[in-house]
Number of protein chains: 4
Amino acid sequence: MSVTPEQQAEIDAERATPRQTLRAVSPGMEDHLYTAYPVLDHGFIRVVDYMGDDAAICQAARVSYGKGTKSVQNDEGLIRYLMRHWHSTPFEMCEIKLHVKLPVFVARQWIRHRTANVNEYSARYSILDREFYIPAPEALAAQSVINNQGRGEALTGEEADRVLRYLRDDAMRCYDHYEEMISQDGQAGLARELARMNLPANVYTQWYWKVDLHNLLHFLRLRADAHAQYEIRVYADEICKVVADWVPFAFKAFEDYRMGGATLSATALDCIRRMLKGEAVTQENSGMSKGEWQEFEGVLNIS
Amino acid sequence: MSVTPEQQAEIDAERATPRQTLRAVSPGMEDHLYTAYPVLDHGFIRVVDYMGDDAAICQAARVSYGKGTKSVQNDEGLIRYLMRHWHSTPFEMCEIKLHVKLPVFVARQWIRHRTANVNEYSARYSILDREFYIPAPEALAAQSVINNQGRGEALTGEEADRVLRYLRDDAMRCYDHYEEMISQDGQAGLARELARMNLPANVYTQWYWKVDLHNLLHFLRLRADAHAQYEIRVYADEICKVVADWVPFAFKAFEDYRMGGATLSATALDCIRRMLKGEAVTQENSGMSKGEWQEFEGVLNIS
Amino acid sequence: MSVTPEQQAEIDAERATPRQTLRAVSPGMEDHLYTAYPVLDHGFIRVVDYMGDDAAICQAARVSYGKGTKSVQNDEGLIRYLMRHWHSTPFEMCEIKLHVKLPVFVARQWIRHRTANVNEYSARYSILDREFYIPAPEALAAQSVINNQGRGEALTGEEADRVLRYLRDDAMRCYDHYEEMISQDGQAGLARELARMNLPANVYTQWYWKVDLHNLLHFLRLRADAHAQYEIRVYADEICKVVADWVPFAFKAFEDYRMGGATLSATALDCIRRMLKGEAVTQENSGMSKGEWQEFEGVLNIS
Amino acid sequence: MSVTPEQQAEIDAERATPRQTLRAVSPGMEDHLYTAYPVLDHGFIRVVDYMGDDAAICQAARVSYGKGTKSVQNDEGLIRYLMRHWHSTPFEMCEIKLHVKLPVFVARQWIRHRTANVNEYSARYSILDREFYIPAPEALAAQSVINNQGRGEALTGEEADRVLRYLRDDAMRCYDHYEEMISQDGQAGLARELARMNLPANVYTQWYWKVDLHNLLHFLRLRADAHAQYEIRVYADEICKVVADWVPFAFKAFEDYRMGGATLSATALDCIRRMLKGEAVTQENSGMSKGEWQEFEGVLNIS
């Protein structure tokens, strides 16, 4: 169960009472507000607040270009232009605040994105719940044999059973001892700030995370990517759905120029030019290493 | 005239059409939205958007403290506690977006606050207006004779007249030449990105500036301070009025703990302890330099 | 053993071969370079590189003040002036790079200081060592009975024994299972990026952490403070020793104005003024809450 | 004359006295230290300090990958891999401190790169010199007729003469009046913080600017680009030369993957795939706008 009854009651109350505002409103985003979308076995993301919309991006860009804009470009065209030319500041004019519940090892990756505001549940101050991420069978992946930082096929049979048993039993035992250690029934009780260190990294934490749209898209490009760890990618994917309804033009441009695009080196561009002239370019005469060439073939769907 | 008729029409349209939202709404702030408050002779500040309110600060803080909060503190008490103990992250959960028109030399000071998002009017792309800051007579201050970085009394008589004449004439002549240089009537016309360099630093520019409440309060502490240059302080003062209505508890705590407070060194605290015990502490036996002692006397209103 | 033999050999080699440079050199810091100072049971800090010294702070400040500086202030006086008036940019002109080995729950607090550069050991990519923080008996503190976020006395007797047994046994069992899960002997082997989630938060990680002096001092003010959690404070204390030798004037000013100083509210300053005039000020007539008054008494050493 | 005799004497003294250090030393960079390289008519850049080298980038990367690195990659290969996959944190482990003298309108563009440390000459505190940027004849460009934010050919004849006369005369007159206004001979003297506003944006300022290598390369990608304004590009070009000697592997990878590379959208990649299969792709059937298609043709050198 990803949301407590108290939290659900609070969410229902907030969703029931619309108020008047003069600010920019994104109708697509209003539908998502406060709703907790489940991620993994106990996690969720939910939008707590937002600022701006597609029009706000254009409004900020037009401050910069002023009366000098000869042709009145439409909003979508302008947004595509900004995205294509890496004019990032207008995208910084939108902001989103999310409430996220996530395992600690995912939180540790996530926090490396520094340009954001965070308020995390304090395990110095409060007691963590007995909630741990246990992978679904299809997510119980083997170590990749070709990539140190990747996954292979899902484990099966006895090996899968043993892994799940270890993860579950160790989590439960560690949590039992956590509870025992902090208990003040008949004993002093260990300080919470110490007891928490007995909990494994699949324990769930939660935080408020606030970020501007430019930095959010950078986060999504890295974390919704196929090479990201599955357990953070599912959060990024869920956020993508919300952003697509919040700022539809910006998100579409992001999909075209960032998610679906690729950065090619001078050497790679030169190879394409040679190929377009009919030359047979191979790794050997490409000027690229084997690894680069493989990635290059992947981008062009050749091989 | 600080707002163009076009801008005023846009402001009026936006103020006329309230919309429904499920987000946190600050009634005090809604009243300010879009209204341009004049600053200096041609400048203004106006709030374009905001996120959060006093309750949002508390909501974020309570995510951190979780169920561990024994006593349900009221919002004002909690906000004072956070401010007093420099718990800054909950204040980062509020955000404001301002449209500001300001002289370039003020903009150069302002931009040094790096943790903010900015879209400035581009003089590479567009043509600047013929608007220059000319100080009012009472703001036409002499160089301080005791402080290299400060002002003395207002200039008077012939000296004041000459200064005003120089400022006005030089601005007008530079702008005349700016216009002539970029003109494409009968000539190629100098590139705007070059021509702009003929304009003095009292020319007005404008930007969208977006910042979180924590960083805004830091800006206000430094720029609404008596030692700040008058021309930026008047902007900070005007922003203070808006913030006071947006997050009244946070602003009151800010006034008490930051604007009206003072940081005392270990040496200064020791002097106070000695004075409270009845000892006659003077600069000579204080352990402070003359400069420090003067500042210390200023804080305590003794001397 | 906090440093591996390989690391020690590398350190010894680096310490043995001084090179020539034209850059600013801090003799006090050169003595610390590369030496790993033990912290907790398996952790350490060691300085890998640094930029600047006390003179570099002054050099940057003098760029700002230029020829306008009437009196040629000595370096120590200038640094005290900068620290007292929160002129932080000259302190940003010094930089330090540390190699730190620390438990994950300490790393999670540490990383919240966002204005720094970090390269952490990747447990997606590599295998973590069997090293866990187990508190020394005197650090095995009870939960504070007056402060949700604090510690009381050390646990004793049977309770202390049980806590230590739990921490040790759970860490060892979790690590045994971690090893078994990733083993590729006779099985596929769980992906490292998944297996790591079975490890409790007292497991050690390590990183390179690079930060400028201004942000380092901010970190030290919060983390070398008596209210910081003991397990991060010992790291901050060890860093303080190094900084004291690197930039002795800056560190001394930091101790006087930051570590030993206090920020007083407008209300508190008013109380001091009243007390100095002989008035009997109590919590009731102070205008402060009970909590604030207690803190105020603590600062003045009265009560 | 870009460096004062006093500054040159200081530079000579610093260059004359090498010291011993245990830190990483970049021989290529030591040769550049303190030397002021002229830029524009009165500006310069000079390296004041640096931290790290190519090996330091690899050292930080290897902390992350730890013992998991199967093949001991050579430094150049590792650096190319990091650059290609946007692993930016190891590049953040190098730092550079520059002293730059530059016109105010260039400084205003430069400062928009927020992730850096800056100490600028204070015109509130000190008096600015009589030094203004006057373009060389070949840099006196006309406004572009196709791009609002660009330049065309150089102005010639009478138009060029008039522009140069305006720029020179206005600068001199404004400076004359600046001097007169602040003079305290027989008058109070206007405060410096006010008088400076009479100076046009081609007046020179100077600052210390400190930045990490990752953010420096981002700056160089944008500012050494053909679309950057000439007056900032010449600074970026000069910095490129220094960086090429400081971290040769990183700079070479930067040239290949960033400066010489290009980011292509999903649509553009699809067009390339179709073209490689022999399809005749035109703007009309490309799915791109005219502007995008032109840029695409430019990248591929077709048209």
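Residues numbered from 1 in each chain as written. Chains lettered and ligands numbered in written order. Predicted model: local features only at pLDDT ≥ 70, side-chain atom pairs only at ≥ 80, totals over all residues.

Q: I tried to follow the overall build of chain A on my own but got confused; where do I start?
A: Within chain A one finds 13 helices and nine strands. With respect to the principal axes defined by its C-alpha atoms, chain A has extents near 80 × 60 × 30 Å. The burial tally for chain A puts 48% of its 303 residues in the buried class. Restricting the contact set of chain A to residue pairs at least 6 apart, pairs at least 24 apart contribute 70%. (Helix = DSSP H or I, 4+ residues; strand = E, 2+ residues; numbered from the N terminus. Buried ≥ 20, exposed ≤ 12 C-beta atoms within 10 Å, placed from the backbone. Contact = placed C-beta atoms within 7 Å.)

Q: Looking at this structure, how should I read the interface of chain C and chain A?
A: Interface size is often expressed as the accessible area that is lost when the parts come together. Contact with chain C, which involves 42 residues of that partner, is made by 42 residues of chain A. Of all the secondary structure elements, the ones that give two or more residues to the side of chain C that touches chain A are strand E6 (141-143), strand E7 (151-154), helix H6 (157-182) and helix H7 (192-195) of chain C. Examining the composition of the side of chain C that touches chain A, we find that 10 residues originate from one element, H6 of chain C, more than from any other. Counted by class, the side of chain C that touches chain A contains 23 nonpolar, 10 polar and nine charged residues. (Nonpolar A, V, L, I, M, F, W, Y, C, P; charged D, E, K, R; others polar.)

Q: What exactly am I supposed to notice about unusual backbone geometry here?
A: Peptide bonds are, in most cases, trans, and in most cases residues other than glycine have a negative phi. Residue and element names in this part refer to chain A. Positive phi is not limited to glycine here, since Trp86 has a value of about 55°. Summarising the element assignment, Trp86 is placed in the loop between helix H4 (75-84) and strand E4 (95-103). Of the residues examined, Trp86 has 12 C-beta atoms within 10 Å and is grouped as exposed.

Q: Explain the relation of the copies chain C and chain A to me, please; I cannot follow it from the model alone.
A: Both copies of the chain are related by a screw-like operation: a rotation about an axis and a shift along it. Mapping chain C onto chain A calls for a screw motion: a turn of 180° about the axis and a shift of 0.0 Å along it, with 0.0 Å RMSD after fitting. With respect to symmetry, the two chain copies, as superposed, fit the operation of a two-fold axis. Proximity to the rotation axis, assessed at the C-alpha, singles out Pro200 of chain C in chain C; its C-alpha lies 1.8 Å from the axis. Interface overlap between copies: 98% of the residues of chain C at the interface are likewise at the interface in chain A, consistent with a symmetric, same-surface contact. (Least-squares fit on C-alpha atoms with pLDDT ≥ 70 in both.)

Q: Explain the sheet that holds strand E4 (residues 95-103) of chain C here, please?
A: For sheets, the rule is that strands pair by backbone hydrogen bonds, running either parallel or antiparallel. Residue and element names in this part refer to chain C. Judged by pairing direction, the sheet is antiparallel, and its five strands sit side by side in the order E2-E3-E4-E8-E5 without closing on themselves. The sheet terminates laterally at strand E2 (37-39) and strand E5 (117-120), the two strands that pair on one side only. Within this sheet the neighbouring strands show an average axis-to-axis angle of 25°, counted without direction. Where E5 lies against strand E8 (residues 204-212), four bridges are found, and the strand directions are antiparallel. Among the inter-strand pairings, Glu120 is bridged to a residue of E8, identified as Trp207. On the sheet, helix H8 (residues 213-223) packs against E4 and E8 and is oriented at approximately 125° with respect to E8. (Pairing = 2+ DSSP bridges. Axes fitted to C-alpha atoms, helices over the stretch in contact; angles between N-to-C directions.)

Q: What exactly am I supposed to notice about the domain arrangement of chain A here?
A: For chain A, the assigned domains read domain 1 (5-132 + 203-259), domain 2 (134-201) and domain 3 (266-300). Computed from C-alpha atoms alone, the centre-to-centre distance between domain 1 of chain A and domain 3 of chain A is 37 Å. (Domains from an automatic or database assignment.)

Q: Is there a simple way to explain the confidence of the model for chain A in this structure?
A: Low pLDDT marks regions whose predicted coordinates should not be analysed in detail. Across chain A, pLDDT averages 93, with 96% of residues at or above 70. Scoring of the predicted complex yields 0.96 for pTM and 0.93 for ipTM. (pLDDT = per-residue confidence, 0-100.)

Q: I'm lost on helix H10 (residues 248-259) of chain D in this one. Help?
A: Because an α-helix completes one turn every 3.6 residues, residues spaced three or four positions apart along the sequence face the same direction. Within H10 of chain D the residues assigned to the buried category are Phe249, Ala250, Phe251, Ala253, Phe254, Asp256, Tyr257 and Arg258 of chain D. Buried-residue contacts for H10 of chain D involve helix H11 (266-276) of chain A together with helix H3 (54-65), helix H4 (75-84), helix H8 (213-223) and helix H9 (230-246) of chain D.

Q: Would you take a moment to explain the relation of the copies chain D and chain C for this structure?
A: At an RMSD of 0.0 Å, chain D and chain C line up after a rotation of 180° and a shift of 0.0 Å along the axis. Comparing interface residues between copies, 100% of those in chain D also lie at the interface in chain C; the contact surface is shared.

Q: In this structure, what is going on with the interface of chain D and chain C? I would like to understand it.
A: The interface of chain D with chain C comprises 44 residues on the first partner and 45 residues on the second. Sorting the residues of the side of chain D that touches chain C by element identifies helix H1 (5-16), strand E1 (19-21), strand E3 (43-51), H3, strand E4 (95-103), strand E5 (117-120) and strand E8 (204-212) of chain D as the ones contributing at least two each. Across the side of chain D that touches chain C, the residue classes tally to 19 nonpolar, 12 polar and 13 charged. Where strand E1 (residues 19-21) of chain C lies against E1 of chain D, three bridges are found, and the strand directions are antiparallel. Looking at the pairing, Thr21 of chain C lines up with Arg19 of chain D of E1 of chain D.

Q: Help me understand the packing of helix H6 (residues 157-182) of chain A against H6 of chain C in this model?
A: Helix packing geometry: the angle between the two helix axes and the distance between the axes. One can describe the packing of H6 of chain A onto H6 of chain C by two numbers: an axis separation of 11 Å at closest approach and a directional angle of 170°. With respect to H6 of chain C, the element H6 of chain A is oriented roughly antiparallel. Where H6 of chain A crosses over H6 of chain C, the two elements pack in a sense that is left-handed. When H6 of chain A is examined against H6 of chain C, the residues Val163, Tyr166, Asp170, Arg173, Cys174, His177 and Met181 of chain A are found in contact with a partner set consisting of Val163, Tyr166, Asp170, Arg173, Cys174, His177 and Met181 of chain C. Residues of the contact of H6 of chain A with H6 of chain C, tallied by class, amount to eight nonpolar, two polar and four charged. (Parallel < 35°, antiparallel > 145°, perpendicular 65-115°, else oblique. Left-handed = near helix turned anticlockwise from the far one by under 90°.)

Q: Is there a simple way to explain the environment of Ala9 of chain A in this structure?
A: All names here are of chain A. Considering the arrangement of structural elements, one finds Ala9 in helix H1 (residues 5-16). Looking at Ala9, the number of C-beta atoms within 10 Å reads 11, which means it is exposed. Taking C-alpha positions, Ala9 is 30 Å from Arg108, a pair spaced 99 residues apart along the chain.

Q: Looking at this model, I keep getting lost on the sheet that holds strand E4 (residues 95-103) of chain B. Mind explaining?
A: All names here are of chain B. Ordered in space as E2-E3-E4-E8-E5, the five strands form an open sheet in which the pairing is antiparallel. A single partner strand is all that each edge strand has here, and the edge strands are strand E2 (37-39) and strand E5 (117-120). The sheet shows a mean angle of 25° between the axes of neighbouring strands, taken without regard to direction. Where E2 lies against strand E3 (residues 43-51), three bridges are found, and the strand directions are antiparallel. What sits directly across from Val39, in E3, is Gly43. Of the strands in this sheet, E4 and strand E8 (204-212) are in contact with helix H8 (residues 213-223), which crosses E8 at around 125°. Across the sheet, helix H9 (residues 230-246) touches E2, E3 and E4, and the angle it forms with E3 is around 35°.

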